[in-house]
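Topology and contacts: notes
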Amino acid sequence: MEILRTIEELRAWRRLHWSDTIGFVPTMGFLHEGHLTLMRKASELSDHVVVSVYVNPTQFGPNEDLDSYPRDMEGDIAKCESVGVSAIFLPSNAMMYGDDFATTVEVDGGMGDNLCGASREGHFNGVTLIVSKLFNLVQPDVAVFGQKDYQQLAIIRRMVKELNFPIDVVGVPTVRERDGLAKSSRNRYLEGEHRTNATVLYRALKASNEAWAAGERDAGALLGVAQGVLDSVDGIAVDYLSLVDPEKLNLLEGTVEEARGCVMALAVHVGKARLIDNMRLDGPLPELSV
Ligand code: PAF
């Protein structure tokens, strides 16, 4: 595996592989099984996989602690190597933003305003800026993202479409524990009853998915089913529970249009962890790890 620490090294590597297809997985490091699943998917779809590890400062708000974001460079390099990644790109802040950076990349249309965007102002503008820079640098054919960050994936898809990046954006289903909990680096904060309570996110989504399968199409009723499950657990704090259009992410009310379907998304504080999850209600229930 090539370790590329500068833009020049990345460009030289890319020139060497100009005729190969490249699958790209952008990450902020501290890699876990979820990331490795994205890399395996990228490897199925391309000749070479490139992974970037970069904790992007522009997607952190003033009250979010960028400095305490977990880092494990040696572990990340070993994990990438273990799944056959061809090159890992490790840029620095100076390289990515320099001193007087002035360009912005924003997907408007309200897509970044609700769900996680409501409590993280400007977050998705930081994501679209860094992802478009990385796309320009890596020049991948395919880019792979997790469906767990549904809002991020939907915004990136729209940016790629509207800015004509020649990149196929692939969303990989969320990897889950046997009890449905979505795998996340934040799960390490969960112990004892918090770990048990954390299953409430999946249980709430599953109950609404079953209500949809049974014929329920009223947005309020579908949300009510999930809310009922959340209310049954003490000691958690719901940040948001929303039903949105799968592409435009606008909040749905009244009868949900069968042809467009819908995504239920939620964020819940359990102990020290803020957990997010989502599910298409008009789709099958996900497979759980055995
Ligand atoms: O999902 C992430 O880890 C980040 O938002 C991404 C896409 C790597 C951009 O920094």
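See the structure shown above.
These remarks concern the structure in this document. (Residues numbered from 1 in each chain as written. Predicted model: local features only at pLDDT ≥ 70, side-chain atom pairs only at ≥ 80, totals over all residues. Heavy atoms only, no water.)

1. With respect to the nonpolar core
Quick note on the threshold: Residues belong to one nonpolar core when they are buried, are Ala, Val, Leu, Ile, Met, Phe, Trp, Tyr or Cys, and are joined through side-chain atoms within 4.5 Å. Only protein chains enter the calculation, and the probe is 1.4 Å; a residue is then buried if its accessible area is under 20% of its type maximum, exposed if over 50%, and partly exposed in between. In this text, helices come from DSSP runs of H or I with a minimum length of four residues, and strands from runs of E with a minimum of two, each type numbered from the N-terminal end. Here a residue-residue contact requires only that any non-hydrogen atoms of the pair lie within 4.5 Å.
In this structure, Val-131, Phe-135, Phe-145 and Ile-156 are the most contacted members of the largest nonpolar core, which totals 45 residues. If you tally residues by element for this core, the top one is helix α6 (residues 123-138), at nine residues. Not counting the four nearest positions on each side in its chain, Val-131 is found in contact with Phe-145, Ile-156 and Met-159. In this structure, Val-200, Tyr-202, Leu-252 and Leu-281 belong to the second largest nonpolar core, which totals 32 residues.

2. Quick look at the site of the ligand
Rule in force here: Throughout, the term near means that a residue has one or more heavy atoms lying within 4 Å of the molecule or strand in question. For the purposes of these results, a polar contact is taken to be a pair of N or O atoms within 3.5 Å, where, inside protein, one atom must be able to donate a hydrogen and its partner to accept one; residues adjacent in sequence count only when each atom of the pair is a side-chain atom. To be clear on the numbers: accessible area is Shrake-Rupley with a 1.4 Å probe, and residue cover counts the displayed protein chains and nothing else.
In the region of the ligand, the neighbouring residues are Pro-26, Thr-27, Met-28, Asn-56, Gln-59, Val-127, Ile-130 and Gln-152. Measuring from an oxygen atom of the ligand, one finds a side-chain N or O atom of Gln-59 at 2.6 Å. In this structure, Gln-152 approaches the ligand through a side-chain N or O atom, which is 2.7 Å from an oxygen atom. Considered on its own, the ligand offers 290 Å² of accessible surface; in the complex 87% of this is hidden by protein.

3. Description of the pattern of salt bridges
Put simply, the rule reads: We count a salt bridge whenever a side-chain nitrogen from Lys or Arg sits within 4 Å of a carboxyl oxygen from Asp or Glu.
Summed over the entire model, instances satisfying the criterion amount to eleven salt bridges. For Asp-245, the salt bridge goes to Arg-260, with nearest N and O atoms at 2.4 Å. Of this pair, Asp-245 sits in the loop between β7 (236-244) and β8 (263-270) while Arg-260 is found in the loop between β7 and β8, placing the two residues 15 residues apart along the sequence.

4. Digging into the side chain of Asn-209
Relative to the helices and strands, Asn-209 resides in helix α9 (residues 200-213). You can call Asn-209 buried: its relative accessible area is 5%. Setting aside its immediate chain neighbours within four residues, Asn-209 contacts Met-279, Arg-280, Leu-281, Gly-283, Pro-284 and Leu-285.

5. Notes on the environment of Arg-178
One can find Arg-178 in the loop between β6 (168-172) and α8 (192-197). Sequence separation of Arg-178 and Glu-287 is 109 residues, and the distance between their C-alpha atoms is 9.0 Å.

6. Section: helix α3 (residues 73-82)
Along an α-helix, residues three or four apart share an orientation, since each turn contains 3.6 residues. Within α3, burial applies to Gly-75, Asp-76, Ile-77 and Cys-80. Close packing links the buried residues of α3 with β1 (2-4), α2 (33-45), β3 (48-53) and β4 (87-89). One or two steps after α3, the chain reaches Gly-84, where phi turns positive at roughly 80°.

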